[in-house]
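One-letter residues, chain by chain:
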Amino acid sequence: MRTPLAAAPALVLGPPLEAGVWLTHEGPGNPHAHHWGSGVVVANGHTTIPQRYAIDFFGLDSTGHAVRVERNQLAASARTDWNGYGASVFAVANGIVRDVRDGEPDQVPLAPLPPPTALTERGLMGNFVVLEIAPHVYVHYAHLQPGSVRVRVGDRVRRGDVLGRIGQSGNANAPHLHFQVSTAVTFEESEGTPFVFRFFERLGTATLGDVLDRSRPVPLDTVPACPHRRQLPLDGDMIKFP
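Residues numbered from 1 in each chain as written. Predicted model: local features only at pLDDT ≥ 70, side-chain atom pairs only at ≥ 80, totals over all residues. Heavy atoms only, no water.

(A) Geometry of the pattern of salt bridges. Overall, the coordinates contain nine salt bridges when judged by the stated rule. One salt bridge connects Asp61 with Arg214, and the closest N-O pair in it is separated by 3.1 Å. Here Asp61, found in the loop between strand E5 (55-60) and strand E6 (88-90), pairs with Arg214, found in the loop between helix H3 (208-212) and strand E14 (226-231); they are 153 residues apart in sequence, far enough to count as distant. On the basis of relative accessible area, Arg214 is assigned to the partly exposed category, the value being 28%. The salt bridge partner of Arg216 is Asp213, with a shortest N-O separation of 3.9 Å. Counted as one network, the salt bridges with shared partners bring together Asp210, Asp213 and Arg216. (Salt bridge = Lys/Arg side-chain N within 4 Å of Asp/Glu carboxyl O. Helix = DSSP H or I, 4+ residues; strand = E, 2+ residues; numbered from the N terminus. Buried < 20%, exposed > 50% of the residue type's maximum accessible area, 1.4 Å probe, protein only.)

In structure tokens:
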């Protein structure tokens, strides 16, 4: 049996985040990522993988670490100890805001999370923005900081406009940006869509364990910055947007 392959080119997107170093965690290329393994959603007779190409972006400092405290202090860390917390989140293309939520509180870093109330945007993503950039093409930004969302449903935005800031609201155990593109404004009955970024530099690879342990060297300086154009970063890549 032959499996048909999509012939259309992948979407080309601008940077979703401000300049800096970011770890692409649980991203494409990892078949064991929770975006795939627990990402199959059955609703109203439809089986989809909304997070098929999703990425969790964790902010890193100049040494390649995600937090400013030692590993034995992680359990007591504050959100402000995490390097990505509060970073600006950008529109990756011109579009129209189709759904927004703000006002949900941030979680406590690394604390146990209650079970989600539902496998929906409002049950999982805390504060979020959903941007329609083409017919049946929706960009989802999740776990935003409460009070940071700058747009409302119906607003027209341009690539590079600030939508909000990284937080830890919803089903998130540490501050990060959950980013995905899909075929519907809702989470359920939505299929993940492939995309590439217009440009980024790849600075090496690391695991989440590497970037959470300040005593562990992260090889940011041993790999020359490698420019990538119209490509998708893979799980574990450390990248820098312009």
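Next comes the rest of the account.
(B) How the structure looks around the packing of aromatic side chains. Using the criterion set out here, one finds eight aromatic pairs in the structure. Ring pairs connect the aromatic residues Phe57, Tyr141, Phe179, Phe195, Phe197 and Phe241, which therefore count as one cluster. (Phe/Tyr/Trp six-rings, centres within 6.5 Å; stacked < 30°, edge-to-face > 60°.)

(C) Looking closely at the environment of Gly164. Examined against the element boundaries, Gly164 turns out to sit in strand E11 (residues 162-165). Using a relative accessible area of 0% as the deciding quantity, one classes Gly164 as buried. Along the primary structure Gly164 and Ser88 are separated by 76 residues, whereas in three dimensions their C-alpha atoms are 6.1 Å apart.

(D) Region of interest: the nonpolar core. In this structure, Phe57, Val129, Tyr141, Leu177 and Phe179 are the most contacted members of the largest nonpolar core, which totals 32 residues. For this core, the elements supplying multiple residues, two or more each, are E5, strand E7 (95-101), strand E8 (127-134), strand E9 (137-144), strand E12 (177-182), strand E13 (195-205) and strand E15 (237-241). It is E9 that contributes the most residues to this core, four residues altogether. Residues within four places of Val129 in sequence aside, it is in contact with Val97, Asp99, Val100, Val139, His140, Tyr141, Leu144, Val149, Val151 and Leu163. (Core = buried A, V, L, I, M, F, W, Y, C linked by side-chain atoms within 4.5 Å. Contact = heavy atoms within 4.5 Å.)

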